[in-house]
Amino acid sequence: MRLNAVLSRACAAAALSLVASWQVSIAAPLNAAAASAAGPSCGATIAAGEQHSLALKSDGTVWAWGSNHYGQLGNNDNLRADQNTPVEVANSSGTGFLQGVVAIAAGGNHSMALKADGTVWTWGLNGSGELGNNDAGHGSQQKPVQVVGVGSTGVLTNVIAIAAGRYHSLAILDNGTLLSWGFNNFGQLGLNDGNTVPHSDYPRHVVATSGSGNLGGVKSIGAGNYYSMALLNDTTVVAWGENDAGQLGDGTSSPWTLTATPQHVLNAPLGSNFTGVKEIAPNRHQAIALKTDGTVWGWGSNATGELGQGVSGNAFYTTPVQVNGIGGTGTLGGITALGEGGHQSLSIQTDQTVLAWGKNSNGQVGNGNTTTPQTNPVQVVGAGGTGQLGSVVELSGGDNFSLALKSDGTIWSFGNGGSGQLGNGSNANSQDTPVQVSQTSGLNSVPGGCLAVSAVHAASTSCTGGVSVTITGSGFLGATRVQFGGVDAQSFVVNSDTSITAVSPAGSPGTVDVTVDTPRGTSAVSSVDTFTCVAAVTTSTTSPTLPKAGAGSRQDNRAPVLLVLLFAGAAIFAGLRPALRRR
């Protein structure tokens, strides 16, 4: 399962992981599949855990459904009953509801929420300190508790991204460094501690690749079963923790050793770093990565075809291999975002349809059957098996089930629903086509992925205002303001999560940035969010002004008059010359 949860407090807030893998992402195209340091406006809004699901509504509230054995739904239910439709997550006192959330993440049996103020809140299982409240082993929490600060001092602040593994948690600080807490028997906390810290119930710094100092320059994060991964600003990837199936991607594998220091994922043949990466999506024992050219690569276990190589079995890959194209033809390209699960992998194409591959025993690949495994990418079908699932902006995979968020704010699910994790009011063990998560709670306003403006199209370039402007991007549901260079639009309508129509205000000639505000924050300015207005060109229709009569005018007109008299005199003289000769 992947847990994307990112946020950049500069903007005020993609996405998932679970028993199979839990990850958070900030980066993001229309969605982001791992937690990245873009800011609060760029966090996961759906997240799948081992057997539970989370969703973040546009109003900053969090909703949950599925297994609640450890209180991972956070609804302060003393009975901890499973829920097959969404329930609202309570606040820390249990007297109201959690608010002001900009990103979420779902671990194996615990949940995380990042608030716009940079604080982190957790609930659910706490057997290994994964809640980070300095209270490991003292029971699960059925309502949110606040994560303490580094070294258990104060409370944790300045966080811009979160991610959850099976029994551990990660968070990026606004300075680009990384924190971890929870289970550490495989070195997944990245402490370079010589296996002397079996768990930590408060945040600690992940070390640099040298083994000393702090890892920095972290852009996005993700967590698998017992390993962790980070995408760095230089587009390289580092990983640490369990490596029994080559999931660290460094060319090695061993079930008996652990790596407690981040190591670079390498190209084959070994020697150069795997680079050009845009998004990461770690799964249970394998990982996939999206490159900036739209291709997808994977490494680690391929037991059920989760690397998309056209084969399955006990084979594993210790360095990245390129995922095949649909049906095994060519290689996969044109991908904009990733999602992953326990043993299934998910991706969004440029047309916003979904491809999936890997384990399919419960229909978690969503292609209308439970044939397992799917060793090459296949198309996820639409509701009832008709057509294709489209308009998808974010994905998240749990343990044998998958979630998809559409641009209209609705959530769709497929796969195993035995604990209610599909959220459609059923507990069916297998659902091989997408079903809609219940909207009885108003869960139809979930914004997708990053809040971002990707294009601005205006009907004219007038500066007088009143121009109809179409704004495209992502994360628009729940928008509260649209501004042109800091000036409010005259009006606006949210057409969908990816489109807004606004009426421009009056302004001075020039180019300004168009920004969108939601409860998750404000879209970051960029080179593609601009609106340019041009001053109207006026053409004079008045007649030229003649010189006024006066001394100066008489003097100015004297020369032409004299010329006329001169020519007239010359003509008269020429006519008199014959007569003069006769005389």
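In this text the structure is predicted, and so the values were computed from the model without any measurement.

Points about the overall build of the chain
- In terms of regular secondary structure, the chain is built from 1 helix and 42 strands.
- Per-residue burial for the chain yields a buried fraction of 59% across its 583 residues.
- Per element, the accessible surface of the chain, about 20700 Å² overall, is 52% carbon and sulfur.

Considerations on the nonpolar core
- Judged by nonpolar contacts, the single largest core of 18 residues is most densely connected at Ile-471, Val-482, Phe-484 and Val-516.
- Going through the elements one at a time, strand S34 (452–458), strand S35 (468–474), strand S36 (481–484), strand S39 (499–503), strand S40 (510–518) and strand S42 (530–533) are the ones with two or more residues in this core.
- Apart from residues no more than four positions distant in its own chain, Ile-471 is found in contact with Val-453, Ala-455, Phe-476, Val-482, Thr-498, Ser-499, Ile-500, Ala-502 and Val-514.

Section: the packing of aromatic side chains
- Using the criterion set out here, one finds 8 aromatic pairs in the structure.
- Between Tyr-167 and Phe-183 the ring centres are 6.1 Å apart and the planes differ by 90°, which places this aromatic pair in the edge-to-face class. With Tyr-167 in the loop between strand S14 (159–164) and strand S15 (168–173) and Phe-183 in strand S16 (residues 178–183), this residue pair connects regions lying 16 residues apart in the sequence.
- Taking relative accessible area as the criterion, Tyr-167 reaches 22% and is therefore assigned partly exposed.
- Note on Tyr-167 and Tyr-226: the rings are 6.3 Å apart at their centroids and 35° apart in plane angle, and the pair reads as tilted.

Some remarks on the sheet that holds S39
- Taken in spatial order, the 4 strands line up as S34-S35-S39-S38 in an open sheet, and their pairing is antiparallel. Where the open sheet ends on each side, the last strands, each with one partner, are S34 and strand S38 (491–496). Each neighbouring strand pair of the sheet contributes to a mean axis angle of 20°, computed without reference to strand direction.
- Pairing of S38 with S39 involves 5 bridges; the strand directions are antiparallel. Its bridge partner lying in S39, Phe-492 is registered against Ala-502.

Side note on the pattern of salt bridges
- Evaluation of the coordinates by the stated rule reveals 2 salt bridges.
- One salt bridge connects Asp-488 with Arg-481, and the closest N-O pair in it is separated by 3.2 Å.
- Taking the relative accessible area as the measure of exposure, Arg-481 reaches 36% and is therefore partly exposed.

Side note on the environment of Thr-470
- Structurally, the position occupied by Thr-470 is in strand S35.
- The residues touching Thr-470, leaving out its near neighbours within four places in the chain, are Ala-455, Val-456, His-457, Ser-499, Ile-500 and Thr-501.

Re the sheet that holds strand S32 (residues 411–415)
- Sheet architecture is open: 4 strands sit in the order S30-S31-S32-S33, paired in antiparallel fashion. One side of each edge strand has no neighbouring strand; the edge strands of this open sheet are strand S30 (392–397) and strand S33 (435–436).
- Pairing of S32 with S33, which is carried by 2 bridges, proceeds in the antiparallel orientation. Looking at S33, one finds that Ser-413 is bridged to Val-435.

A look at the pairing of S42
- Taking every second residue as pointing to the same face, the buried face of S42 carries Phe-531 and Cys-533, while none of Thr-530 and Thr-532 on the other face is buried.
- Direction of pairing for S40 relative to S42: antiparallel, over a ladder of 4 bridges. Across the sheet, residue Asp-513 finds its bridge partner in S42, namely Thr-530.

Observations regarding unusual backbone geometry
- A cis amide bond links Ala-268 to the next residue, Pro-269, at an omega of -5°.
- Along the chain, Pro-269 turns up in the loop between strand S21 (254–264) and strand S22 (277–282).
- Thr-372 connects to Pro-373 through a cis peptide bond whose omega is -5°.
- By the secondary structure assignment, Pro-373 is in the loop between strand S28 (354–358) and strand S29 (374–379).
- The backbone of Asn-195 sits at a positive phi, close to 60°, despite the residue not being glycine.
- Structurally, the position occupied by Asn-195 is in the loop between S16 and strand S17 (199–205).
- One non-glycine residue, Gln-352, lies in the positive phi region at around 70°.

Thoughts on the state of the cysteines
- Per the stated rule, a full pass over the model turns up 1 disulfide.
- Disulfide partner of Cys-463: Cys-533, at an S-S distance of 2.1 Å. Disulfide Cys-463-Cys-533: the torsion about the S-S bond is 100°, which places it as right-handed. A residue pair is termed long-range when its members are at least 10 positions apart, and Cys-463 in the loop between S34 and S35 and Cys-533 in strand S42 qualify at 70 residues. In this structure, Cys-463 and Cys-533 share a single accessibility class: buried.

A look at the pairing of strand S8 (residues 62–66)
- Most of S8 sits out of view: 5 of its 5 residues are buried.
- Bridge count between strand S7 (residues 52–56) and S8: 5 bridges; the pairing is antiparallel. Its bridge partner lying in S8, Ser-53 is registered against Trp-65.
- Hairpin connection between S7 and S8: a loop of 5 residues separates the two successive antiparallel strands, and Gly-60 in this loop has a positive phi of roughly 85°.
- In the sheet, S8 pairs with strand S9 (residues 83–88) via 3 bridges, with the strands oriented antiparallel.

Section: the confidence of the model for the chain
- For the chain, per-residue confidence averages 86 on the pLDDT scale, and residues scoring 70 or more make up 84% of the total.
- Note that residues 1–34 has pLDDT below 50 and, in this model, 330 contacts with residues that lie over four places away or in other chains.
- Within the model, the stretch residues 576–583 combines pLDDT values under 50 with 0 contacts to residues more than four positions away or in other chains.

Overview of the environment of Ala-337
- Relative to the helices and strands, Ala-337 resides in strand S26 (residues 335–340).
- Here Ala-337 falls in the buried class, since its relative accessible area comes to 0%.
- Once the C-alpha coordinates of Ala-337 and Val-393 are considered, the two residues, 56 residues apart in sequence, prove to be 8.3 Å apart.

A closer look at the environment of Val-148
- Within the element layout of this structure, Val-148 appears in the loop between strand S13 (141–146) and S14.
- For the pair Val-148 and Asp-201, spaced 53 residues apart in sequence, the C-alpha separation works out to 9.0 Å.
- If we ignore the near neighbours within four places in the chain, the residues touching Val-148 are Gly-132, Asn-133, Asn-134, Gly-154, Val-155, Leu-156, Tyr-202 and Pro-203.

Some words on the side chain of Asn-324
- Tracing the backbone shows Asn-324 in the loop between strand S25 (316–322) and S26.
- At 3.4 Å, the side chain of Asn-324 and the backbone oxygen of Gln-309 are in polar contact.
- Sequence-distant contacts of Asn-324, defined by excluding residues within four places in its chain, comprise Gly-308, Gln-309, Gly-310, Gly-330, Thr-331, Leu-332, Asn-376 and Pro-377.

Thresholds applied
- Residues numbered from 1 in each chain as written.
- Predicted model: local features only at pLDDT ≥ 70, side-chain atom pairs only at ≥ 80, totals over all residues.
- Heavy atoms only, no water.
- Helix = DSSP H or I, 4+ residues; strand = E, 2+ residues; numbered from the N terminus.
- Buried < 20%, exposed > 50% of the residue type's maximum accessible area, 1.4 Å probe, protein only.
- Areas by Shrake-Rupley, 256 points an atom, 1.4 Å probe, with all protein chains shown as cover.
- Core = buried A, V, L, I, M, F, W, Y, C linked by side-chain atoms within 4.5 Å.
- Contact = heavy atoms within 4.5 Å.
- Phe/Tyr/Trp six-rings, centres within 6.5 Å; stacked < 30°, edge-to-face > 60°.
- Pairing = 2+ DSSP bridges.
- Axes fitted to C-alpha atoms, helices over the stretch in contact; angles between N-to-C directions.
- Salt bridge = Lys/Arg side-chain N within 4 Å of Asp/Glu carboxyl O.
- Disulfide = S-S within 2.5 Å.
- pLDDT = per-residue confidence, 0-100.
- Polar contact = N/O pair within 3.5 Å; in protein donor to acceptor, adjacent residues only side chain to side chain.

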